[in-house]
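Residues per chain, in single letters:
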Amino acid sequence: MAYQEQVRSLADTVQLYREDPSGWRSCKRTNEVSIYWRPSTEFSGNIYKGDGIVFATPEAVWECLKPEAGGLRTKWDQNVKDFELIETISDTISICRTITPSAFMKIISPRDFVDVVLIKQYEDGTIASAATNVEHALCPPQPTYVRGFNYPCGCFCIPVPGEPGKTQVLTFFQTDLGGYLPQTVVDSFFPSSMAGFYSNLTKAVKTVKT
């Protein structure tokens, strides 16, 4: 099936991002996260990497991050207004639509994204999700949203050896926001948005009971 072929390629791609240390340049650092960027090989923009430690178990962190309709993500992530399940392909593969609110002092208007999403568990206890854009008959572009496009992106919840109350959260974002945005706006938006993501995640995990 086409989606499953796409997911195999997606899993390999985000794992390569995880393993490849070359070319990353630092662009922002906070108490929660270090953020890096390099030119994307998927589209004309950049790919961004976030690397931070969250003081919670991987299970608690995953509870906040997992891509599911009605999940916690819409409650704490200021960049996710709504999350819809369009189609379930298998236990680990689904087609989802994410709606984002206006951002950056409303310079960036509301967007929507349609992605194939993969959930994967690794032998070392890492839990991860990965996503990339797809077209789906049940979710054509809508006039009230600018359609954006995620290129292979991922979020890894990695156990910290010997410290069960800590999780390394490694994220990769490369997104074409669509529309007609000045490149300076895009380049400023992603690092600040990712810093907010880690800050809000750090607060959200404290409310999770595991």
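Our structure's up above, just so we're on the same page.
Residues numbered from 1 in each chain as written. Predicted model: local features only at pLDDT ≥ 70, side-chain atom pairs only at ≥ 80, totals over all residues. Heavy atoms only, no water.

Caption draft 1: The overall build of the chain, seen in detail. Assigned secondary structure in the chain consists of four helices and 12 strands. A compact globule built from 210 residues should have a C-alpha radius of gyration of about 17 Å, and the chain, at 16 Å, falls within 12% of that. Once the C-alpha set of the chain is aligned to its principal axes, its extents read approximately 50 × 40 × 35 Å. Within the chain, the proportion of its 210 residues that are buried is 50%. Long-range pairs, those at least 24 residues apart, make up 58% of the contacts in the chain between residues at least 6 apart in sequence. When the accessible surface of the chain is totalled, it reaches about 10,700 Å², and 53% of it is carbon and sulfur. (Helix = DSSP H or I, 4+ residues; strand = E, 2+ residues; numbered from the N terminus. Rg over C-alpha atoms; globule rule 2.2 N^0.38 Å. Buried < 20%, exposed > 50% of the residue type's maximum accessible area, 1.4 Å probe, protein only. Contact = heavy atoms within 4.5 Å. Areas by Shrake-Rupley, 256 points an atom, 1.4 Å probe, with all protein chains shown as cover.)

Caption draft 2: Structural detail: unusual backbone geometry. At Phe104, a residue that is not glycine, the phi angle is positive and equals roughly 55°. According to the relative accessible area criterion, Phe104 is partly exposed, its value standing at 26%. Phi angles above zero are rare outside glycine, and Met105 is one such case at about 55°. Examined against the element boundaries, Met105 turns out to sit in the loop between strand S5 (93-100) and strand S6 (111-121).

Caption draft 3: Molecular detail of helix H1 (residues 2-19). Across its 18 residues, H1 extends 26 Å between first and last C-alpha, which sits within 8% of the 26 Å expected from 1.5 Å per residue. Those residues of H1 lying buried are Tyr3, Val7, Leu10, Ala11, Thr13, Val14, Gln15 and Tyr17. (Expected span 1.5 Å × (residues − 1).)

Caption draft 4: Quick peek at the pattern of salt bridges. Evaluated as defined, the whole model comprises 10 salt bridges. Across the salt bridge formed by Arg8 and Glu5, the nearest N and O atoms sit 2.4 Å from each other. Of this pair, Arg8 and Glu5 both sit in helix H1, three residues apart, which is roughly one turn of the helix. We classify Glu5 as partly exposed; its relative accessible area is 48%. A salt bridge links Glu84 to Arg97; the shortest N-O distance between them is 3.2 Å. Separated by 13 residues along the polypeptide, Glu84 in strand S4 (residues 82-88) and Arg97 in strand S5 bring together distant segments of the chain. Judged by its relative accessible area of 4%, Arg97 is buried. What you see here is one network of salt bridges that share partners, running through Glu84, Arg97, Asp112 and Arg147. (Salt bridge = Lys/Arg side-chain N within 4 Å of Asp/Glu carboxyl O.)

Caption draft 5: Molecular detail of the pairing of S5. Of all eight residues in S5, eight are buried; the element is thus mostly enclosed. Across the two faces of S5 the burial is the same, with Ile93, Ile95, Arg97 and Ile99 and Ser94, Cys96, Thr98 and Thr100 all buried. Connecting S4 to the next strand, S5, in antiparallel fashion are four residues. In this structure, S5 lies alongside S6, joined through eight bridges in antiparallel fashion. Bridge pairing links Ile93 to Leu118 in S6. (Pairing = 2+ DSSP bridges.)

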